[in-house]
Amino acid sequence: MNQALKSWKQEIDQCDSIKMVEDMRIRLLGKSGEITQMLKSLGSLDPEARREKGAEINHLKDEISQHLEIKRTTLSAQELTERLAKETLDVTLPTRPEAFGTLHPLTRTVEEITSYFAQFGFSVAVGNDIEDEEHNFTALNMSEHHPARQDHDTFYLNAPQMILRTHTSPVQIRTMKTTQPPIRILSLGRVYRCDFDATHTPMFHQVEGLVVDKGIHMGHLKSCITNFLKHFFNVDDLPMRLRPSFFPFTEPSAEVDIGCSREGGALKIGPGKDWLEIMGCGMVHPKVLAYCGVDPDIYQGFAFGMGYDRLSMLKYGLPDIRPLFEGDIRWSKHYGFSPFHSTGA
Ligand code: DAH
(Lines give C-alpha, C1' and ligand atoms only; values in the text may rest on other atoms or scores of the structure.)
Protein backbone atom coordinates (compact mmCIF):
# COMPACT_ATOMS: atom_id res chain seq x y z
CA MET A 1 0.00 0.00 0.00
CA ASN A 2 2.84 2.34 0.93
CA GLN A 3 4.52 1.49 -2.31
CA ALA A 4 1.38 2.47 -4.27
CA LEU A 5 1.11 5.73 -2.34
CA LYS A 6 4.70 6.59 -3.10
CA SER A 7 4.49 5.93 -6.80
CA TRP A 8 1.15 7.76 -7.19
CA LYS A 9 2.61 10.76 -5.39
CA GLN A 10 5.53 10.71 -7.79
CA GLU A 11 3.17 10.61 -10.75
CA ILE A 12 1.25 13.55 -9.35
CA ASP A 13 4.48 15.46 -8.87
CA GLN A 14 5.27 14.98 -12.53
CA CYS A 15 1.98 16.44 -13.78
CA ASP A 16 2.65 19.73 -15.49
CA SER A 17 -0.86 20.91 -16.21
CA ILE A 18 -4.12 21.20 -14.32
CA LYS A 19 -5.65 18.90 -16.91
CA MET A 20 -3.11 16.16 -16.01
CA VAL A 21 -3.89 16.58 -12.31
CA GLU A 22 -7.58 16.22 -13.07
CA ASP A 23 -6.97 13.07 -15.16
CA MET A 24 -5.00 11.66 -12.27
CA ARG A 25 -7.82 12.42 -9.84
CA ILE A 26 -10.28 10.60 -12.06
CA ARG A 27 -7.93 7.67 -12.46
CA LEU A 28 -7.55 7.23 -8.72
CA LEU A 29 -10.60 8.73 -7.05
CA GLY A 30 -13.21 8.84 -9.83
CA LYS A 31 -16.26 6.55 -9.87
CA SER A 32 -14.28 3.60 -11.14
CA GLY A 33 -10.89 4.91 -10.01
CA GLU A 34 -8.28 2.62 -8.53
CA ILE A 35 -8.72 3.75 -4.92
CA THR A 36 -12.51 3.74 -5.29
CA GLN A 37 -12.30 0.15 -6.48
CA MET A 38 -10.18 -0.75 -3.47
CA LEU A 39 -12.84 0.68 -1.18
CA LYS A 40 -15.55 -1.23 -3.03
CA SER A 41 -13.67 -4.50 -2.61
CA LEU A 42 -13.82 -4.13 1.19
CA GLY A 43 -17.29 -5.64 1.15
CA SER A 44 -15.92 -9.11 0.55
CA LEU A 45 -13.71 -9.11 3.68
CA ASP A 46 -14.67 -10.20 7.16
CA PRO A 47 -15.47 -7.37 9.60
CA GLU A 48 -12.16 -7.41 11.45
CA ALA A 49 -10.05 -7.27 8.27
CA ARG A 50 -12.47 -4.76 6.74
CA ARG A 51 -11.95 -2.31 9.60
CA GLU A 52 -8.18 -2.55 9.36
CA LYS A 53 -7.97 -2.40 5.58
CA GLY A 54 -10.67 0.28 5.45
CA ALA A 55 -8.65 2.59 7.68
CA GLU A 56 -5.58 2.06 5.52
CA ILE A 57 -7.38 2.79 2.26
CA ASN A 58 -9.05 5.88 3.72
CA HIS A 59 -5.69 7.16 4.85
CA LEU A 60 -4.38 6.54 1.34
CA LYS A 61 -7.35 8.36 -0.15
CA ASP A 62 -6.83 11.39 2.15
CA GLU A 63 -3.13 11.55 1.36
CA ILE A 64 -3.78 11.41 -2.39
CA SER A 65 -6.58 13.99 -2.28
CA GLN A 66 -4.38 16.38 -0.36
CA HIS A 67 -1.46 15.82 -2.69
CA LEU A 68 -3.65 16.42 -5.73
CA GLU A 69 -5.00 19.62 -4.19
CA ILE A 70 -1.55 20.99 -3.40
CA LYS A 71 -0.39 20.23 -6.93
CA ARG A 72 -3.47 21.86 -8.43
CA THR A 73 -2.95 25.05 -6.37
CA THR A 74 0.73 25.27 -7.28
CA LEU A 75 -0.01 24.78 -10.96
CA SER A 76 -2.78 27.37 -11.09
CA ALA A 77 -0.54 29.92 -9.37
CA GLN A 78 2.15 29.15 -11.94
CA GLU A 79 -0.30 29.44 -14.83
CA LEU A 80 -1.48 32.82 -13.54
CA THR A 81 2.08 34.13 -13.20
CA GLU A 82 2.86 32.99 -16.75
CA ARG A 83 -0.32 34.58 -18.12
CA LEU A 84 0.38 37.85 -16.33
CA ALA A 85 3.89 37.90 -17.74
CA LYS A 86 2.60 37.17 -21.25
CA GLU A 87 -0.31 39.61 -21.22
CA THR A 88 1.46 42.72 -19.97
CA LEU A 89 0.39 45.96 -21.55
CA ASP A 90 2.91 48.62 -22.42
CA VAL A 91 1.15 51.75 -21.24
CA THR A 92 3.97 53.89 -22.57
CA LEU A 93 3.11 53.02 -26.18
CA PRO A 94 1.76 56.01 -28.14
CA THR A 95 -1.99 55.98 -28.87
CA ARG A 96 -3.25 55.46 -32.39
CA PRO A 97 -4.59 58.79 -33.64
CA GLU A 98 -7.25 57.13 -35.79
CA ALA A 99 -8.71 55.49 -32.66
CA PHE A 100 -9.30 58.79 -30.86
CA GLY A 101 -12.86 59.61 -29.89
CA THR A 102 -13.89 63.23 -29.52
CA LEU A 103 -16.17 65.07 -27.14
CA HIS A 104 -19.33 66.37 -28.76
CA PRO A 105 -19.42 70.20 -28.83
CA LEU A 106 -22.51 70.08 -26.59
CA THR A 107 -20.73 67.94 -24.00
CA ARG A 108 -17.90 70.43 -24.07
CA THR A 109 -20.32 73.35 -23.68
CA VAL A 110 -22.05 71.69 -20.71
CA GLU A 111 -18.67 71.17 -19.06
CA GLU A 112 -17.74 74.80 -19.64
CA ILE A 113 -21.01 76.12 -18.25
CA THR A 114 -21.23 73.83 -15.23
CA SER A 115 -17.60 74.29 -14.23
CA TYR A 116 -17.93 78.07 -14.54
CA PHE A 117 -21.03 78.24 -12.32
CA ALA A 118 -19.67 75.63 -9.87
CA GLN A 119 -17.10 78.23 -8.77
CA PHE A 120 -19.96 80.32 -7.41
CA GLY A 121 -21.67 77.49 -5.58
CA PHE A 122 -24.23 76.45 -8.20
CA SER A 123 -25.11 72.79 -8.25
CA VAL A 124 -26.84 70.90 -11.03
CA ALA A 125 -30.48 69.94 -10.43
CA VAL A 126 -31.80 67.09 -12.53
CA GLY A 127 -35.33 67.05 -13.91
CA ASN A 128 -37.39 64.76 -16.11
CA ASP A 129 -37.91 64.90 -19.87
CA ILE A 130 -41.50 63.78 -19.30
CA GLU A 131 -43.28 66.41 -17.25
CA ASP A 132 -46.81 67.24 -16.24
CA GLU A 133 -48.60 70.40 -17.33
CA GLU A 134 -48.75 71.52 -13.73
CA HIS A 135 -44.96 71.89 -13.41
CA ASN A 136 -44.27 72.87 -17.01
CA PHE A 137 -46.96 75.58 -17.17
CA THR A 138 -49.39 76.13 -14.31
CA ALA A 139 -46.84 76.50 -11.51
CA LEU A 140 -44.90 78.90 -13.74
CA ASN A 141 -47.86 81.24 -13.76
CA MET A 142 -49.29 79.98 -17.05
CA SER A 143 -52.82 78.97 -16.21
CA GLU A 144 -54.78 76.62 -18.46
CA HIS A 145 -55.79 79.18 -21.08
CA HIS A 146 -52.75 81.42 -20.85
CA PRO A 147 -51.71 82.44 -24.38
CA ALA A 148 -48.02 81.75 -23.60
CA ARG A 149 -48.81 78.04 -23.61
CA GLN A 150 -49.55 78.28 -27.33
CA ASP A 151 -46.05 79.59 -28.05
CA HIS A 152 -44.47 76.39 -26.89
CA ASP A 153 -45.56 73.96 -29.66
CA THR A 154 -45.95 71.29 -27.02
CA PHE A 155 -45.77 67.54 -27.60
CA TYR A 156 -48.68 66.06 -25.67
CA LEU A 157 -48.41 62.45 -24.52
CA ASN A 158 -51.13 59.86 -24.50
CA ALA A 159 -51.54 60.13 -20.72
CA PRO A 160 -53.66 62.92 -19.26
CA GLN A 161 -51.67 66.02 -18.27
CA MET A 162 -48.37 64.50 -19.41
CA ILE A 163 -46.11 66.22 -21.95
CA LEU A 164 -42.49 66.36 -23.09
CA ARG A 165 -41.11 69.36 -21.20
CA THR A 166 -40.93 72.43 -23.40
CA HIS A 167 -38.28 74.14 -21.26
CA THR A 168 -36.08 73.50 -18.22
CA SER A 169 -38.07 75.93 -16.04
CA PRO A 170 -40.16 73.16 -14.35
CA VAL A 171 -36.95 72.18 -12.56
CA GLN A 172 -37.07 75.57 -10.81
CA ILE A 173 -40.46 74.60 -9.42
CA ARG A 174 -39.38 71.12 -8.35
CA THR A 175 -36.28 72.56 -6.66
CA MET A 176 -38.05 75.38 -4.82
CA LYS A 177 -40.77 73.01 -3.60
CA THR A 178 -38.23 70.71 -1.98
CA THR A 179 -35.29 72.95 -0.99
CA GLN A 180 -35.04 75.70 1.60
CA PRO A 181 -33.39 78.91 0.28
CA PRO A 182 -30.64 79.93 -0.23
CA ILE A 183 -30.80 78.17 -3.61
CA ARG A 184 -28.27 78.28 -6.44
CA ILE A 185 -28.92 75.77 -9.16
CA LEU A 186 -28.37 75.13 -12.81
CA SER A 187 -30.79 72.86 -14.57
CA LEU A 188 -29.86 71.65 -17.99
CA GLY A 189 -30.83 69.08 -20.52
CA ARG A 190 -33.20 68.17 -23.32
CA VAL A 191 -36.37 70.06 -24.08
CA TYR A 192 -38.92 69.43 -26.83
CA ARG A 193 -40.96 71.55 -29.20
CA CYS A 194 -42.65 70.68 -32.45
CA ASP A 195 -40.43 72.68 -34.81
CA PHE A 196 -37.86 71.77 -37.50
CA ASP A 197 -35.58 73.84 -39.75
CA ALA A 198 -31.91 74.93 -39.94
CA THR A 199 -32.08 76.60 -36.53
CA HIS A 200 -34.77 74.47 -34.81
CA THR A 201 -34.97 70.77 -34.01
CA PRO A 202 -37.86 69.06 -32.16
CA MET A 203 -35.39 68.23 -29.37
CA PHE A 204 -32.88 70.81 -28.24
CA HIS A 205 -31.10 71.80 -25.03
CA GLN A 206 -31.57 74.52 -22.47
CA VAL A 207 -29.69 75.60 -19.42
CA GLU A 208 -31.44 77.47 -16.68
CA GLY A 209 -30.05 79.24 -13.65
CA LEU A 210 -31.96 80.00 -10.47
CA VAL A 211 -30.85 81.93 -7.40
CA VAL A 212 -33.16 82.45 -4.42
CA ASP A 213 -32.02 84.26 -1.31
CA LYS A 214 -32.76 87.30 0.84
CA GLY A 215 -32.10 90.69 -0.77
CA ILE A 216 -31.60 89.45 -4.34
CA HIS A 217 -32.14 92.12 -7.04
CA MET A 218 -31.69 92.81 -10.78
CA GLY A 219 -28.11 93.98 -10.15
CA HIS A 220 -27.16 90.46 -9.06
CA LEU A 221 -28.83 89.02 -12.14
CA LYS A 222 -27.10 91.42 -14.47
CA SER A 223 -23.60 90.91 -13.09
CA CYS A 224 -24.08 87.14 -13.00
CA ILE A 225 -24.95 86.84 -16.66
CA THR A 226 -22.56 89.57 -17.86
CA ASN A 227 -19.61 87.80 -16.28
CA PHE A 228 -20.75 84.43 -17.54
CA LEU A 229 -21.17 85.60 -21.15
CA LYS A 230 -17.79 87.38 -21.15
CA HIS A 231 -16.18 84.21 -19.86
CA PHE A 232 -18.06 81.87 -22.18
CA PHE A 233 -17.29 83.80 -25.36
CA ASN A 234 -13.88 84.79 -24.07
CA VAL A 235 -14.44 88.46 -24.93
CA ASP A 236 -13.59 90.89 -22.10
CA ASP A 237 -15.24 93.94 -23.64
CA LEU A 238 -18.38 92.07 -24.74
CA PRO A 239 -21.24 94.58 -25.05
CA MET A 240 -24.43 93.38 -23.38
CA ARG A 241 -27.88 94.88 -22.97
CA LEU A 242 -31.06 93.89 -21.18
CA ARG A 243 -34.23 94.57 -23.19
CA PRO A 244 -37.59 94.66 -21.37
CA SER A 245 -39.57 91.57 -22.24
CA PHE A 246 -42.24 89.26 -20.91
CA PHE A 247 -42.17 85.81 -19.34
CA PRO A 248 -45.12 84.76 -17.18
CA PHE A 249 -42.81 83.39 -14.46
CA THR A 250 -40.58 86.44 -14.02
CA GLU A 251 -41.37 90.05 -13.17
CA PRO A 252 -39.68 92.16 -14.40
CA SER A 253 -38.47 90.13 -17.37
CA ALA A 254 -35.75 90.89 -19.87
CA GLU A 255 -34.14 89.53 -22.96
CA VAL A 256 -30.36 89.60 -23.11
CA ASP A 257 -28.52 90.71 -26.26
CA ILE A 258 -24.80 90.56 -26.85
CA GLY A 259 -22.81 92.65 -29.30
CA CYS A 260 -21.61 91.27 -32.59
CA SER A 261 -20.42 92.36 -36.00
CA ARG A 262 -21.29 90.91 -39.36
CA GLU A 263 -18.67 92.74 -41.36
CA GLY A 264 -17.57 90.87 -44.44
CA GLY A 265 -20.41 88.38 -43.97
CA ALA A 266 -18.76 86.64 -41.00
CA LEU A 267 -20.46 86.75 -37.61
CA LYS A 268 -18.10 87.79 -34.84
CA ILE A 269 -19.13 88.02 -31.19
CA GLY A 270 -17.82 91.21 -29.55
CA PRO A 271 -17.99 94.98 -30.06
CA GLY A 272 -19.73 95.80 -33.35
CA LYS A 273 -22.77 97.34 -34.92
CA ASP A 274 -25.21 94.47 -34.33
CA TRP A 275 -26.91 92.67 -31.48
CA LEU A 276 -27.71 89.01 -30.98
CA GLU A 277 -30.47 87.81 -28.69
CA ILE A 278 -29.02 85.15 -26.44
CA MET A 279 -31.25 84.43 -23.42
CA GLY A 280 -34.26 85.28 -21.32
CA CYS A 281 -34.12 86.28 -17.68
CA GLY A 282 -35.87 88.10 -14.87
CA MET A 283 -36.78 88.25 -11.21
CA VAL A 284 -38.77 85.18 -10.14
CA HIS A 285 -42.45 86.17 -10.04
CA PRO A 286 -43.76 86.42 -6.44
CA LYS A 287 -46.65 84.15 -7.45
CA VAL A 288 -44.19 81.45 -8.50
CA LEU A 289 -42.28 81.74 -5.22
CA ALA A 290 -45.52 81.55 -3.23
CA TYR A 291 -46.73 78.54 -5.24
CA CYS A 292 -43.56 76.71 -4.18
CA GLY A 293 -43.98 77.64 -0.51
CA VAL A 294 -41.26 80.33 -0.53
CA ASP A 295 -42.38 83.56 1.16
CA PRO A 296 -41.95 86.39 -1.41
CA ASP A 297 -41.88 88.97 1.41
CA ILE A 298 -38.69 87.38 2.72
CA TYR A 299 -37.02 85.90 -0.34
CA GLN A 300 -36.38 87.10 -3.87
CA GLY A 301 -34.93 85.24 -6.78
CA PHE A 302 -33.55 85.69 -10.24
CA ALA A 303 -33.59 83.23 -13.12
CA PHE A 304 -32.24 82.97 -16.61
CA GLY A 305 -32.63 80.45 -19.39
CA MET A 306 -31.01 79.86 -22.75
CA GLY A 307 -30.56 77.28 -25.47
CA TYR A 308 -27.04 75.98 -25.36
CA ASP A 309 -27.18 74.42 -28.83
CA ARG A 310 -27.24 78.00 -30.03
CA LEU A 311 -24.46 79.01 -27.64
CA SER A 312 -22.30 76.20 -29.03
CA MET A 313 -23.15 77.10 -32.60
CA LEU A 314 -22.14 80.70 -32.02
CA LYS A 315 -18.98 79.87 -30.12
CA TYR A 316 -17.74 77.13 -32.41
CA GLY A 317 -19.03 78.46 -35.72
CA LEU A 318 -21.56 75.72 -36.47
CA PRO A 319 -23.86 76.93 -39.24
CA ASP A 320 -26.70 74.40 -38.87
CA ILE A 321 -28.22 72.89 -35.71
CA ARG A 322 -29.30 69.59 -37.29
CA PRO A 323 -25.91 67.84 -37.63
CA LEU A 324 -25.49 68.21 -33.85
CA PHE A 325 -27.93 65.31 -33.51
CA GLU A 326 -27.16 63.22 -36.57
CA GLY A 327 -24.24 61.26 -35.12
CA ASP A 328 -22.07 61.50 -38.25
CA ILE A 329 -18.57 60.48 -37.20
CA ARG A 330 -16.89 62.69 -39.80
CA TRP A 331 -18.73 65.69 -38.34
CA SER A 332 -17.74 64.66 -34.79
CA LYS A 333 -14.09 64.35 -35.81
CA HIS A 334 -14.17 67.81 -37.36
CA TYR A 335 -16.12 69.66 -34.68
CA GLY A 336 -15.42 67.45 -31.62
CA PHE A 337 -12.90 68.16 -28.85
CA SER A 338 -10.07 66.22 -27.36
CA PRO A 339 -11.11 64.96 -23.92
CA PHE A 340 -7.69 66.04 -22.60
CA HIS A 341 -8.20 69.76 -23.15
CA SER A 342 -9.19 71.73 -20.10
CA THR A 343 -12.43 73.75 -20.21
CA GLY A 344 -10.50 76.74 -18.90
CA ALA A 345 -13.00 77.57 -16.11
N1 DAH B 1 -38.21 79.09 -20.13
C2 DAH B 1 -37.99 80.14 -21.11
C3 DAH B 1 -38.22 79.57 -22.52
O4 DAH B 1 -38.05 78.43 -22.74
C5 DAH B 1 -36.60 80.68 -21.01
C6 DAH B 1 -36.43 81.48 -19.79
C7 DAH B 1 -36.69 82.83 -19.80
C8 DAH B 1 -36.03 80.90 -18.60
C9 DAH B 1 -36.54 83.58 -18.68
C10 DAH B 1 -35.91 81.66 -17.45
C11 DAH B 1 -36.16 83.01 -17.52
O12 DAH B 1 -35.54 81.15 -16.28
O13 DAH B 1 -36.02 83.77 -16.38
O14 DAH B 1 -38.57 80.30 -23.38
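All of the points below concern the structure found in this document. Fair warning: this is a prediction, and the values are worked out from it, not measured in the lab.

1. A word on the pairing of strand β9 (residues 274-284)
For step 1, the next point in the chain: Counting buried residues along β9, eight of its 11 residues qualify, which places the element largely inside the surrounding structure.
For step 2, the next point in the chain: When β9 meets strand β10 (residues 300-307), the two strands line up antiparallel, connected through four bridges. Among the inter-strand pairings, C281 is bridged to a residue of β10, identified as F304.

2. Here's the deal with the side chain of H152
For step 1, the next point in the chain: Mapping H152 onto the fold places it in the loop between α6 (133-136) and β3 (162-164).
For step 2, the next point in the chain: For H152, a relative accessible area of 10% gives the class buried.
For step 3, the next point in the chain: Side chain to side chain, H152 and T166 meet in a polar contact 2.7 Å long.
For step 4, the next point in the chain: In this structure, H152 is in contact with F137, T166, H167 and R193, ignoring residues within four places of it in sequence.

3. What to know about the side chain of S312
For step 1, the next point in the chain: Looking at the secondary structure, you find S312 in helix α10 (residues 308-316).
For step 2, the next point in the chain: Among the polar contacts listed, one links the side chain of S312 to the side chain of T109, at a separation of 2.7 Å.
For step 3, the next point in the chain: In terms of polar contacts, S312 uses its side chain to reach the backbone carbonyl oxygen of Y308, at 2.9 Å.
For step 4, the next point in the chain: Ignoring any residue separated from it by four or fewer positions in sequence, one finds S312 in contact with P105, L106, T109, G317 and L318.

4. Let's talk about the site of the ligand
For step 1, the next point in the chain: In the vicinity of the ligand there are 15 residues, among which H167, S169, R193, Q206 and E208 approach most closely.
For step 2, the next point in the chain: Protein coverage of the free-state accessible area of the ligand, which is 360 Å², stands at 91%.
For step 3, the next point in the chain: Among the secondary structure elements, those contributing two or more residues to the shell around the ligand are β5 (203-213), β9 and β10.
For step 4, the next point in the chain: For the shell around the ligand, a count of residues per class yields five nonpolar, eight polar and two charged.

5. Quick look at the packing of aromatic side chains
For step 1, the next point in the chain: Scanning the model with the defined rule gives 12 aromatic pairs in all.
For step 2, the next point in the chain: Between Y116 and F228, the aromatic rings sit 5.6 Å apart at their centres with planes inclined by 50°, giving tilted as the arrangement. Pair noted here: Y116 is in helix α5 (residues 105-118) and F228 is in helix α8 (residues 218-233), with a separation of 112 residues, a long-range link. For the pair formed by Y116 and F228, the shared burial category is buried.
For step 3, the next point in the chain: An angle of 35° between the planes, with centres 5.0 Å apart, marks the rings of F117 and F228 as tilted. Highlighted residues: F117 in helix α5 and F228 in helix α8, separated in sequence by 111 residues.
For step 4, the next point in the chain: Classification of F228 by relative accessible area gives buried; the value is 0%.
For step 5, the next point in the chain: Members of the aromatic cluster, connected to one another through ring pairs, are Y116, F117, F120, F122, F228, F232, F233, F302 and F304.
For step 6, the next point in the chain: Stacked on the ring of F337, the Lys or Arg R108 has its end atom at 4.9 Å from the ring centre.

6. With respect to the environment of Q119
For step 1, the next point in the chain: Within the secondary structure, Q119 is located in the loop between α5 and β1 (123-125).
For step 2, the next point in the chain: Only 2.9 Å separates the side chain of Q119 from the backbone oxygen of Y116, close enough to count as a polar contact.

Reading guide: rules and limits
- Residues numbered from 1 in each chain as written.
- Predicted model: local features only at pLDDT ≥ 70, side-chain atom pairs only at ≥ 80, totals over all residues.
- Heavy atoms only, no water.
- Buried < 20%, exposed > 50% of the residue type's maximum accessible area, 1.4 Å probe, protein only.
- Helix = DSSP H or I, 4+ residues; strand = E, 2+ residues; numbered from the N terminus.
- Pairing = 2+ DSSP bridges.
- Polar contact = N/O pair within 3.5 Å; in protein donor to acceptor, adjacent residues only side chain to side chain.
- Contact = heavy atoms within 4.5 Å.
- Near = heavy atom within 4 Å.
- Areas by Shrake-Rupley, 256 points an atom, 1.4 Å probe, with all protein chains shown as cover.
- Nonpolar A, V, L, I, M, F, W, Y, C, P; charged D, E, K, R; others polar.
- Phe/Tyr/Trp six-rings, centres within 6.5 Å; stacked < 30°, edge-to-face > 60°.
- Lys NZ or Arg CZ within 6 Å of the ring centre and 35° of its normal.

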